[in-house]
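# Fold and geometry: a report
Listed here are the chains, written in short residue letters.
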Amino acid sequence: MRIAASWITELTGVLAPGRDMAERLIAAGLEVEGVVVVGEGLMGDLVVGHVEDIEELREFKKPIRYCLVDVGAEHGGIRGIICGAQNFVIGDLVVVALPGTVLPGGFEISARETYGKLSNGMICSEREMGLGEDHDGILVLPKATAEAGTDAKPIVGIGDQILEIAVTPDRGYALSARGIAREVAIAYSVPFSDPIDRTPVLPAPTQTRKPAACASDDLESCDLFTLSTVVNFDPHAFTPQWMKNRLRECGMRSVSLAVDITNYVMLELGQPLHAFDLDKLQGMVRAGHPREGEIFETLDHVERTLSESDLVILDDRGTIGLAGVMGGLDAEISDSSTNIALEAAHFDATAIARSSRKYKLSSEASRRFERGVDRTIAPYAAARALELMLECGGGEYVGMNAVEAPMQVTVITISDQLPSRIAGMEIPAQQVVDLLTAVGCRVIHEDGQLEVAVPSWRPDITDQADLVEEVVRLIGYSNLPSTLPVAPAGRGLTHAQKLRRRVGTALAHAGLSEVLSYPFVGPLDLTALRIPAHDSRRDMPTLANPLSDEQPWLRSSILFTLIPAARRNIGRGHVTTPIFEAGSVFHGAVSTESIPVMTAEHRPTQAQWEALERALPNQPFHIGAVLSGDAQQAGWWGPARSFDWSDSVQLARTITQACGLELVVSRASDPMFHPGRCAQLQVTDSDGKMHMIGVAGELHPALIDSFGLSARSCAMEIDLSTVIAAAPLVRSAPIFSTQPVAKEDLALVVDINVDAVSVERALREGAGDLLESIRLFDVYSGPQIGEGKKSLAFALRFRSPDHTLSADETTKARESALARAVIQCGAALRA
Amino acid sequence: MSAPNKEFDPKQVSDLSEDSVNRMVAAALTAIGAAGDLSELKEVRLAHFGDRSPLALANREIGALPPAAKAEVGKRVGHAKAQIKDSLTSREEELELLRDQQALLQEVVDITVPTDREWTGGRHPLTTLMDAMADVFIAMGYSVAEGPELEAEWVNFDALNVPADHPARTMQDTFYVTSSDSGAVLRTQTSPIQIRAMLERDPPIYVVAPGRVYRTDELDATHTPVFHQIEGLAVDRGLTMAHLKGTLDHLAEQMFGAGIVTRLRPSYFPFTEPSAEVDLQCFVCRGSSIGNPDASCRTCGSEGWIEWGGCGMVNPRVLRAVGIDPHAYTGFAFGMGIERTLMFRNGVTDMRDMVEGDLRFTRAFGVEA
Ligand SMILES: [Zn+2]
């Protein structure tokens, strides 16, 4: 809501700069986003000019007028001015900027030769004066409202200070001058005289005809409906300039006198009004429901298919308005309408919000009804509009019809100590009573209890807490003391939370940079990522309203969005891109029926809550990494070393080690990865149970190609939730001997397809308890070994817990290890 | 070599006089002192201490001396040998030390060359900032609460007193999953974690909940559809707005320096009543830029305050929705945007830098924001 400070001053008598009003309103809870001055930057004179004569100059590309304008004797009388606009006639009053005047934006007016004439000033449009954006022509003042030569600035509102207020959903009353004025009066501690306390001046209804009839078919959704009738109204009457100014200052355009008045009264009182052309109506006007499937064209020229549950305004022929949102094209008043039916009604906030959302239509009216309009004000607002219509446009008042459901006043009982208890500061009971009275409540104070009747314009006040807020905000949040509460002794981060932090830090120390990518993916991404049609990773939740139709799904794998992030980095010239991301992934879709419908009136039952939890997709916490480019950069020390598959496996090991778990690697296949260079990753929990945790390896060359990654780029992804669940809470101390070590090397030849890890396992099992450690230190394949074979060289360390090993013991253990490898892996001792 | 002088045949070959021996010693010591390195010293040793050295030759003659002279001369020569040997040993030590020193000097490198074989990595500053803010609360005894990003609409809206037709529930803001009536959304705020925390535990509850949230905004310099918030919730007997203010002031001081406070402005959130906006005192100018065009402040736009988040007393309706008796317990809650905090705290000027995954951005922060 935009409103001029001068209007507030008129309603309250508070004469203060706009900035000062803004500060006090902010402290009271109205969000004033700014204060602007109308026509800021304008220097010099603007005067009213009377157009005496117009000479049309036709020899130019566009029509040009040479006008003789009387700007008053004190400004030099009649002067010639060139003007390109066509929207005025001889005898009109216009606004003239005299030579020497500087318009907003720094444009200085001077007397100059143009189009073969001397132009001695400028006839101004709204935009040129900084009033608004209207540039359809020059501003024409209503006829005979001012003398030529009068200062035009106050007439058009230059210098007015406009407060821009963002009204929160709970403060519908602040969408009116009346509501804001009340807040200003409280803020400046002056008594407030409500504009509705003044009775509009209306003549007695004429008896010449019957006023249009009205009804409400749905008294729940429309509990008050009034329809007033005016005939013989002058459709060509001018809107007074002061009203035009206020409309413009509030951000609304002047349309015609009748429409301007309905808008003005809405701004003044907060009650939306709608004017119909009486001659286009047939029969009774009702609030009610349309036929299912009825086609209805709104004012914005959009045809809408209605359903029976919509709240509309109808006459005997059908729908003539979407109640509280927008009128229809058919019954709209035009610039020739002389007989008018004026609707002023109260609609249920939820019904209007639903309509507005359903038809994606937000209007000044719907914004007010959604937030709640004063339940009682419709008849008054209608009378106020009629008063203005008759005053400015003439005509006869025929009468008003109305229907109304019984009204209920909200009464809330609170302890007079409650505001003190919630605020944490002493607030005397009398002050509570005074403040609630100031916002319009009627308060009965008895035995420490307050019985508070809420005013009709505050439908947002429904609970005790709402009353507390009213009291505390008016005292001022700046007066609240600042005290730290004492929480019970805490337990710090959980084990899982600590491990998540530790893993991220470990990868950062391993040289990777964390990035955060959007978790949105689509079919094209999955094709480039080589995910086959029936892969379980395609089972993802789908967004009903994605940002881009090309990415409607939520990732089931970090790599789906991290690989594109790697591409972006490489595209920006970072050939080497070691990056990682830790975050949620989403497994499985959400079925439309699976989530139970629950009330917020009480705690859900255990069964409801469990059903809700079950219905949500599994959302484990994953960590993924992409390694593209050089693991070690080139330098004076030598050439670069590129990342290879082993770096990605080692990264996985870094993660499991950070969680106190040994990584178990085996061969795997995954379409995203190189068929021969993909590892399946597992860990063993303390119960000895193996858990699949992820994959690592070299990315498939086709994928690397699609994403423009460096050759042989690698990646890894781990389900950190599973790793953390398997991680030991307490780590066991090692038991080691200080007896001398005995070292034995074993070079074994095995088939090329036998994995080192299985040979190592066999050696370990065969070597028995004396084996302290085993490490593969060389892998060789070549002519000396033979086709299809490879040599694996292991270093074995033996140690006894209690004595120096004899040569015999060591040899025996070594032979036993070898024997097992021979049996299990077909190994042979290398010659 | 001469035969034993059994016949006392005085055939003098070397001069074994005191003078002569002294001369030999003097010559030897001079030569030792002049030896510049170990190989020169080796030659000196050979010349003055070797088998063919004058002293050695002289020594041989001792046998030819009359027995009466043997003892004296023997003693003289022995003393001379010891003198030379000591000198050789100490010179050798000197020269070895010199050699070792010179060897190290040969190994001089340019110590200023680059040493960055390995890459340095970093954690995303949004992550570390969330951790840092959470740590402030952990130190006060709070726990870190969690919840899913794909959340039930009941938890994200209904339980938080956002009624069915509230503008925040329209399609403009919320990502709906499957369909607009499936009951599942991408959480639009971290507040649903409050609901879970209150359903999972009994009061007193003191939790903080950092996390990722979603709104259907297009990415630009100040908006992103995926962003982060941190949420705090306390439910206990007798909690007041003064406690809320005290908690926010403590957070401000921990994150922005001693003496920095917050300011509350009345506002509206469905899940709190009373509700307030939280402003942070500008930690750069501390308000000195207000009305002072000569010392304007970019951080706060010379307003003295920076909009930081929202807060309020937990709406009793929310307590009711999770089965906590609003007559016995009160609560406060607050939330702030992490991206926004990072922007003004660390001087990030464009939201896109945080979300596009450019590793230069992360690397610059290391493992702390
Ligand atoms: Zn500042």
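Residues numbered from 1 in each chain as written. Chains lettered and ligands numbered in written order. Predicted model: local features only at pLDDT ≥ 70, side-chain atom pairs only at ≥ 80, totals over all residues. Heavy atoms only, no water.

Helix and strand content of chain B: twelve helices and nine strands. Over its C-alpha atoms chain B spans a radius of gyration of 45 Å, topping by over 25% the 21 Å that the globule rule assigns to 369 residues. Based on the C-alpha atoms only, the size of chain B along its principal axes is roughly 140 × 50 × 45 Å. Burial status across chain B gives 54% buried among its 369 residues. Here chain B holds 35 positive side-chain charges and 53 negative ones, and the gap between their average locations is 8 Å. (Helix = DSSP H or I, 4+ residues; strand = E, 2+ residues; numbered from the N terminus. Rg over C-alpha atoms; globule rule 2.2 N^0.38 Å. Buried < 20%, exposed > 50% of the residue type's maximum accessible area, 1.4 Å probe, protein only. Lys, Arg positive; Asp, Glu negative; His and termini not counted. Charge placed at Lys NZ, Arg CZ, Asp CG, Glu CD.)

Turning our eyes to something else, we now look at the coordination of the zinc ion. Residue and element names in this part refer to chain B. Protein coordination at the zinc ion: the donors are Cys282 (SG), Cys285 (SG), Cys297 (SG) and Cys300 (SG), at 2.2 to 2.3 Å from the metal. Coordination at the zinc ion is tetrahedral, judged from the four donor atoms that bind it and the angles of 105 to 115 degrees they form at the metal. In the primary sequence, the donor residues of the zinc ion line up as C-x2-C-x11-C-x2-C. Placement of the pair is cysteine 285 in the loop between β7 (272–281) and β8 (305–314) and cysteine 297 in the loop between β7 and β8, with a sequence separation of twelve residues. For cysteine 285, a relative accessible area of 12% corresponds to the buried category. Owing to a relative accessible area of 7%, cysteine 297 belongs among the buried residues under this scheme. (Donors = N, O, S within 2.8 Å, 3.2 Å for Na, K, Ca; no water. Tetrahedral: all angles 85-135°; square planar, octahedral: opposite > 155°, others 65-115°.)

Next up on the list: the sheet that holds strand β2 (residues 31–37) of chain A. Residues and elements named next belong to chain A. Spatial ordering of the open sheet is given by β1-β13-β2, a layout of three strands whose pairing is antiparallel. Where the open sheet ends on each side, the last strands, each with one partner, are β1 (2–4) and β2. Each strand of the sheet is rotated relative to its neighbour by a mean of 25 degrees, with strand direction disregarded. Looking at chain direction, β1 and strand β13 (residues 161–166) are connected through three bridges and run antiparallel. Residue pairing across strands places alanine 4 opposite isoleucine 162, the latter belonging to β13. Along the sheet face, helix α1 (residues 5–12) touches β1 and β13 and points at about 65 degrees away from the line of β1. (Pairing = 2+ DSSP bridges. Axes fitted to C-alpha atoms, helices over the stretch in contact; angles between N-to-C directions. Contact = heavy atoms within 4.5 Å.)

Turning to the confidence of the model for chain B, a few remarks are in order. When pLDDT is averaged along chain B, the result is 91, and 95% of the positions lie at 70 or above. Reported confidence for the predicted complex is 0.89 by ipTM and 0.88 by pTM. (pLDDT = per-residue confidence, 0-100.)

All names here are of chain A. The element α1 is extensively covered by neighbouring structure, given that six of its eight residues are classed as buried. Looking only at α1, the buried set comprises Ala5, Trp7, Ile8, Thr9, Leu11 and Thr12. In this fold, the buried residues of α1 make contact with β1, α2 (18–28), β13, α4 (177–187), α5 (241–249) and α6 (257–269). Immediately downstream of α1, the backbone of glycine 13 shows phi near 80 degrees, a positive value.

Residue and element names in this part refer to chain A. Across three bridges, strand β14 (residues 214–216) lies against strand β17 (residues 285–288) in parallel orientation. Of the residues in β17, the one forming a bridge with serine 216 is alanine 287. The pairing of β17 with strand β20 (residues 312–315) spans three bridges and is classified as antiparallel. Looking at β20, one finds that alanine 287 is bridged to isoleucine 313.

Inspection of the entire model under this criterion finds 18 aromatic pairs over all chains. Taking the centre distance of 4.6 Å and the plane angle of 75 degrees together, the rings of A:Phe60 and A:Tyr115 count as edge-to-face. With a gap of 55 residues between them, A:Phe60 in the loop between β3 (46–57) and β4 (64–70) and A:Tyr115 in the loop between β9 (112–114) and β10 (117–119) connect regions that are remote in the sequence. A ring pair is formed by B:Phe361 and B:Phe365, whose centres lie 5.2 Å apart and whose planes are at 65 degrees; its orientation type is edge-to-face. You can see B:Phe361 and its partner B:Phe365 sitting in helix α12 (residues 359–365), four residues apart, about one turn around the helix. (Phe/Tyr/Trp six-rings, centres within 6.5 Å; stacked < 30°, edge-to-face > 60°.)

This part covers the packing of helix α11 (residues 429–438) of chain A against helix α12 (residues 464–475) of chain A. All names here are of chain A. Running from amino to carboxyl end, α11 crosses α12 at an angle of 95 degrees, the nearest separation of the two axes being 9 Å. If you check the angle between α11 and α12, you find them roughly perpendicular. Contact residues: α11 offers Gln431, Val432, Leu435 and Leu436, while α12 offers Leu467, Glu470, Val471, Leu474 and Ile475. Tallied by class, the residues present in the contact of α11 with α12 amount to seven nonpolar, one polar and one charged. (Parallel < 35°, antiparallel > 145°, perpendicular 65-115°, else oblique. Nonpolar A, V, L, I, M, F, W, Y, C, P; charged D, E, K, R; others polar.)

What follows deals with the pairing of β3(A). Residues and elements named next belong to chain A. Two strands pair when backbone bridges link them, and β3 and strand β6 (residues 93–97) are joined in this way by five bridges, in the antiparallel orientation. By the bridge assignment for β6, valine 48 is matched with valine 95. With seven bridges joining them, β3 and β4 adopt antiparallel strand pairing. Along β4, the bridge assignment pairs aspartate 53 with leucine 68.

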